[in-house]
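Chains, contacts and geometry: an overview
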Amino acid sequence: MVDLIATEKKMMPKLKFVIQNSGLIINLLTALIGFSMGRIVILDFLSPFSISLLCSSMVSRLNPYVIGLGIISGSFSIKNPELLLKNMVLVILMLLIYLMINRTRMNNRVFISVFASLANMAAGIFIFYLKDYYLYDMLMIIIESVMICALINIYDKALVFFTSMKRRTKVSSEEVVSILFLIISSFLGASLYVWDLSIKNIVSITIILLASYMGSIGTGAAAGIVFGLLQALSGDIYPSAIGVYGACGILSAAFKSYGRLMAVLGFILGNSIMTFYINGSTEVLIRFEEILAASILFMLLPEKKIKKIIFNKWKVETQSSSKGELYRVRDYTVERLQEISDVFKELALSMSAGLATKEYFSQLDAAEIMEKVVKDTCQSCGMYNSCWKKEFYNTYQKMFAALSKIESGDFREEDKKQRIINKCLFPEKVWDRLKYHYDIYRYTLAWKKKIDNSRYALSHQMQETGKLIGDLANRFSVNMEFDSALEEEILVTMDKLGIHLDHVTAIRGKDSTEIDIRHKNCGGKRECISKIIPEIRRITGKHFVKLDASCSFSRGDGCLLKLREAYKFSIVTGIARKQKQASSVSGDNYSLMELKDGKFFMILSDGMGSGPMAAMESGMAVNLIEKFLAAGYDQNTALEAVNSLLLIKSDNDNYATVDMTIINQYTGDVEFLKVGAVSTFIKYKDRVDVIRNSSLPAGILDKIDVEFNRRKIRDGDFVVMITDGVLEANDKDLDKEKWLEEIIYDIDTRNPKKMADIIMEKCLEKSKGQTPDDMTVLVAKIWKSA
């Protein structure tokens, strides 16, 4: 402990010296870079790099006066009067502009870029005018001005990174290229040689090796091409050799997984291949002596420092390298889901086998009934041989006619006294046994139908479950689009603000984007609300909302922030209900639910009649639809499930109407699905549309008949759903829908609850306070929220 305190005391003076002189060190470095860039001349007389650096320092809040002094000193050192004069004019002009706009909103990248380009063009034209310029010179000045505008935007990203490097933990691909461009271009003006080796080339090759080793293949290629391009512009190499450095960077990055030595060998291999391809000889384009010197410098760099840079600063780059493993897991998951889907589909086929071919009350069934009657009554009769052996066909036809009479419902109790056959000794007993065995057959037939309906319902649900699992597999493989560019931009932007995120996942859906962010918890400071969400809104240009109102801790001290793109349309609902007179409970049921994909469901069901039984039927329909929709089934499957359940539920006739409105809160599209339900009304600002229906309720037919309509809604529109009791309140007008349409059109309110109440009041007024049936009015107002 004593040693630790003593060491701390020794380190404190050094630390204080570094802190106190950090500004001096930065100014010295920027002055040297400005001096070097002031010496750069490309295409014989163009010098866009120095002025671009000066303008970028203005935007990034560095000291532009020191850089300007370095630029003028560098221009003076190369003894070029025209370049010196132009740089002096531009430096002085830009510094005067900086003094005027430093603390104003005009000090931004766009204004500085445009003004510097125009100023460079004016200064160049003036200087070349003094020495009789040619049209070619004018074209070169325009090209230089465009380059200045582009370089300001490149250098700005690099300078911003360097000024905040202490608190940064992430670096984007754009920043990597900008940093490489700045570092490499700063050496173009330094033509220093040691033992006939170019210091500029050695440093540049070292930077390419570092970029290839720390980044991806794309980073290595970018570093090589940037250096080759700058070398070609400065006239040090032929333009055809630009690709040599790019190829060297690619091969160096390709071999980096085997260590730094293999990365160096990859660079040498790239140089050899491209040299032979371009020259066709052994005269190398990049000298092996310079590659060897750069390789030694690269190998001497501490491994721990490089790894620290890789795992911290370059984390954005390395996250993408794990996607191959994620894809393998995804492919395995998709394969397993498809197998499970196939199992459910095969079970559905097995369950439904033979359902379509079964026929009821065939001649064989009638013959079986008559055979049982004969055994019960005729075999012990003395006339058996006469009736069933000598006159078989005549007896059979008369017995079949009697059975047909019972089956058709024409049989009466007094018919028992009539003899089916003239010789019959026990007519009443025969009639009783025919009726008895037919009733047994009828009950058996009814239960067979119920069993078959149950099999069909179960088969259909298995088929739909298999389809659902298959659709889920397809979503894994196709529809789950990860927006890597947005993930990287969020990570780097937050890093610039000092908010260090652990992980970002951005999933782009059909209509919206979802973002999941893991970060260290802020101790209840609500950084997600005050900093993260506003910045994401600025990056994407879209509004996002937090799914959970409270903080969601993932594990340890981590926090999980789940964001969903805000809906473009919001919905407010209002409800008015009135139950039938002398009824203890309303037979109407409704539900309002919102799914994750931004769809808002309004479900209204009216059970048969009124009272507890009707309430049970409509409630069962609504609850079942809710469960199916929440599980991911589509609305058609949910409606078919309701129909199947009502068919097999009991011996009594059960049915329920289903009225479903689906509003997409991202696009404003509205879908109307009706099964036996009455009309729905859409109130626009200038009219009222009626969505009519002619289908039967659920629970009547084996196959459900769904009527489907689609409309588009706008800000301020209303959707009005009703049950049949609302229209039945008017027993005088023939066109009841027209009557209600006019009422809705005349209502002047923007409150959906008030609109529902007014509609209910008008109905009760029309029926003089009577309620012949349960009445429900469900109103939704749509308004644009984003």
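To continue, consider the overall build of the chain. What the chain contains, in helices and strands, is 27 helices and 17 strands. Relative to its 786 residues, the chain shows a buried fraction of 45%. Restricting the contact set of the chain to residue pairs at least 6 apart, pairs at least 24 apart contribute 69%. A total accessible area of about 41,200 Å² is found for the chain, and carbon and sulfur atoms account for 60% of it.

Let's shift gears to the packing of helix α3 (residues 48–59) against helix α4 (residues 64–77). Remark: α3 packs on α4, axes separated minimally by 9 Å, with the N-to-C direction vectors making an angle of 170°. Considering the angle they form, α3 stands roughly antiparallel to α4. Along its contact with α3, which presents Ser50, Leu53, Leu54, Ser57 and Met58, the element α4 presents Pro64, Ile67, Gly68 and Ile71. Across the contact of α3 with α4, the residue classes tally to 6 nonpolar, 3 polar and no charged.

Let's shift gears to the sheet that holds strand β11 (residues 656–664). Across the sheet, which stays open at both edges, the 5 strands sit in the order β9-β10-β11-β12-β15 with antiparallel pairing between neighbours. Both outer strands of the open sheet, β9 (588–594) and β15 (707–712), are each paired with one neighbouring strand and no more. Sheet twist, expressed as the average angle between the axes of neighbouring strands with direction ignored, equals 10°. Where strand β10 (residues 599–607) and β11 come together, 9 bridges link them in antiparallel fashion. What sits directly across from Lys599, in β11, is Asn664.

Let us now look at the packing of aromatic side chains. The relative placement of two aromatic rings is captured by the distance of their centres and the angle of their planes. The full count for this structure, using the stated rule, is 4 aromatic pairs. Residues Phe111 and Phe115 carry aromatic rings whose centres are separated by 5.9 Å and whose planes lie at 20° to one another, so their mutual orientation is stacked. Linking Phe111 with Phe115, this pair stays in helix α6 (residues 109–130), spanning 4 residues, or about one helical turn. By relative accessible area, which is 26% here, Phe111 ends up partly exposed. With a relative accessible area of 24%, Phe115 lands in the partly exposed category. Taking NZ or CZ as reference, Arg260 lies 5.7 Å from the ring centre of Phe298, over its face. Positioned over the ring face of Tyr567 is Arg564, at 4.0 Å from the centre of the ring.

Quick look at the pattern of salt bridges now. This structure, assessed with the given rule, holds 13 salt bridges. Between Lys712 and Asp669 there is a salt bridge, with the nearest N and O atoms lying 3.0 Å from each other. In this pair, Lys712 is assigned in strand β15 and Asp669 in strand β12 (residues 669–675), connecting sequence segments 43 residues apart. We classify Lys712 as partly exposed; its relative accessible area is 45%. Residue classification places Asp669 among the partly exposed positions, given a relative accessible area of 24%. Here Asp686 makes a salt bridge to Arg687, at a shortest N to O gap of 3.5 Å. Salt bridges here are not isolated pairs; linked through shared partners, they connect Lys542, Glu565 and Lys568.

In this section: the pairing of β9. Across a regular strand the side chains alternate sides, sitting on one face of the sheet and then on the other. Pairing of β9 with β10, which is carried by 7 bridges, proceeds in the antiparallel orientation. Following the sheet pairing, Leu592 is matched in β10 by Met602. Connecting β9 to the antiparallel partner β10 that follows it, the hairpin turn spans 4 residues, and Gly598 within it adopts a positive phi of roughly 90°.

Our focus in this paragraph is the side chain of Ser47. Its place among the elements puts Ser47 in the loop between α2 (22–38) and α3. Reaching out from Ser47, the side chain makes a polar contact with the backbone oxygen of Ile40 at a distance of 3.1 Å. Excluding its chain neighbours within four sequence positions, the residues that come into contact with Ser47 are Met37, Ile40, Leu83, Lys86, Asn87 and Glu144.

Another point: the sheet that holds strand β17 (residues 775–784). Sheet architecture is open: 5 strands sit in the order β8-β17-β16-β13-β14, paired in antiparallel fashion. Two strands bound the open sheet, and with one partner strand each, they are β8 (569–578) and β14 (688–691). Here the strands of the sheet are splayed against their neighbours by 15° on average, with no regard to which way each runs. As paired elements, β8 and β17 share 10 bridges and run antiparallel to each other. By the bridge assignment for β17, Ser570 is matched with Trp783.

Buried within helix α26 (residues 736–746) we find Glu737, Trp739, Leu740, Glu741, Ile743 and Ile744. Where α26 is buried, its residues contact β13 (680–683), β14, β16 (718–722), α25 (724–728) and α27 (752–766).

Turning our attention to unusual backbone geometry. Residue Lys768 is not a glycine yet carries a positive backbone phi of 60°. Within the secondary structure layout, Lys768 lies in the loop between α27 and β17.

Our focus in this paragraph is the environment of Ser610. One can find Ser610 in the loop between β10 and α23 (612–630). Judged by its relative accessible area of 26%, Ser610 falls in the partly exposed class. The spacing of Ser610 and Pro772 is 162 residues in sequence and 9.9 Å in space, taken between C-alpha atoms.

Turning our eyes to something else, we now look at the environment of Ile682. Assignment of secondary structure puts Ile682 in strand β13. A sequence separation of 36 residues divides Ile682 from Phe718, and the C-alpha atoms of the two residues are 5.7 Å apart. Aside from chain neighbours lying at most four places away, what touches Ile682 is Phe672, Arg687, Val688, Asp689, Ile691, Arg711 and Phe718.

What follows concerns the nonpolar core. If you look at the biggest cluster of nonpolar residues, it comprises 67 residues, and the most contacted ones within it are Phe49, Leu54, Ile112, Tyr155, Phe267 and Ile286. Among the elements that take part in this core, helix α7 (residues 135–163) stands out by supplying 9 residues, more than any other. By size, the runner-up hydrophobic cluster in this structure holds 24 residues, among which are Ile722, Val726, Ile744 and Val777.

With 21 residues, helix α5 (residues 81–101) ought to run about 30 Å at 1.5 Å a step, and its terminal C-alpha atoms sit 30 Å apart, in line with that. Taken as a whole, α5 has its buried residues at Leu83, Leu84, Lys86, Asn87, Leu90, Val91, Met94, Leu95, Ile97, Tyr98 and Ile101.

This part covers the pairing of strand β5 (residues 513–520). Where strand β4 (residues 501–508) meets β5, 7 bridges bridge the pair, whose relative direction is antiparallel. Within β5, the residue paired with Val504 across the bridge is Ile517. Count of turn residues in the β4/β5 antiparallel hairpin: 4 residues.

Next up on the list: the side chain of Ser113. Tracing the backbone through its elements, the reader meets Ser113 in helix α6. Discounting chain neighbours no more than four positions away, the residues touching Ser113 are Cys149, Ile152 and Asn153.

You can see Thr505 is positioned in strand β4. Classification of Thr505 as buried rests on a relative accessible area of 16%. Within the structure, Thr505 has its side chain in polar contact with the side chain of His503 (distance 2.9 Å).

In contact at an axis separation of 11 Å, α3 and α5 are set at 10° when each is read in the N-to-C sense. In terms of orientation, α3 and α5 fall into the roughly parallel class. Across from Ser50, Ile51, Leu54, Cys55 and Met58 in α3, the residues of α5 making contact are Asn87, Leu90, Val91, Met94, Leu95 and Tyr98. Split by residue class, the contact of α3 with α5 holds 9 nonpolar, 2 polar and no charged.

The rules behind these values
Residues numbered from 1 in each chain as written. Predicted model: local features only at pLDDT ≥ 70, side-chain atom pairs only at ≥ 80, totals over all residues. Heavy atoms only, no water. Helix = DSSP H or I, 4+ residues; strand = E, 2+ residues; numbered from the N terminus. Buried < 20%, exposed > 50% of the residue type's maximum accessible area, 1.4 Å probe, protein only. Contact = heavy atoms within 4.5 Å. Areas by Shrake-Rupley, 256 points an atom, 1.4 Å probe, with all protein chains shown as cover. Axes fitted to C-alpha atoms, helices over the stretch in contact; angles between N-to-C directions. Parallel < 35°, antiparallel > 145°, perpendicular 65-115°, else oblique. Nonpolar A, V, L, I, M, F, W, Y, C, P; charged D, E, K, R; others polar. Pairing = 2+ DSSP bridges. Phe/Tyr/Trp six-rings, centres within 6.5 Å; stacked < 30°, edge-to-face > 60°. Lys NZ or Arg CZ within 6 Å of the ring centre and 35° of its normal. Salt bridge = Lys/Arg side-chain N within 4 Å of Asp/Glu carboxyl O. Polar contact = N/O pair within 3.5 Å; in protein donor to acceptor, adjacent residues only side chain to side chain. Core = buried A, V, L, I, M, F, W, Y, C linked by side-chain atoms within 4.5 Å. Expected span 1.5 Å × (residues − 1).

Limitation: the analysis is restricted to geometry and does not speak to function.
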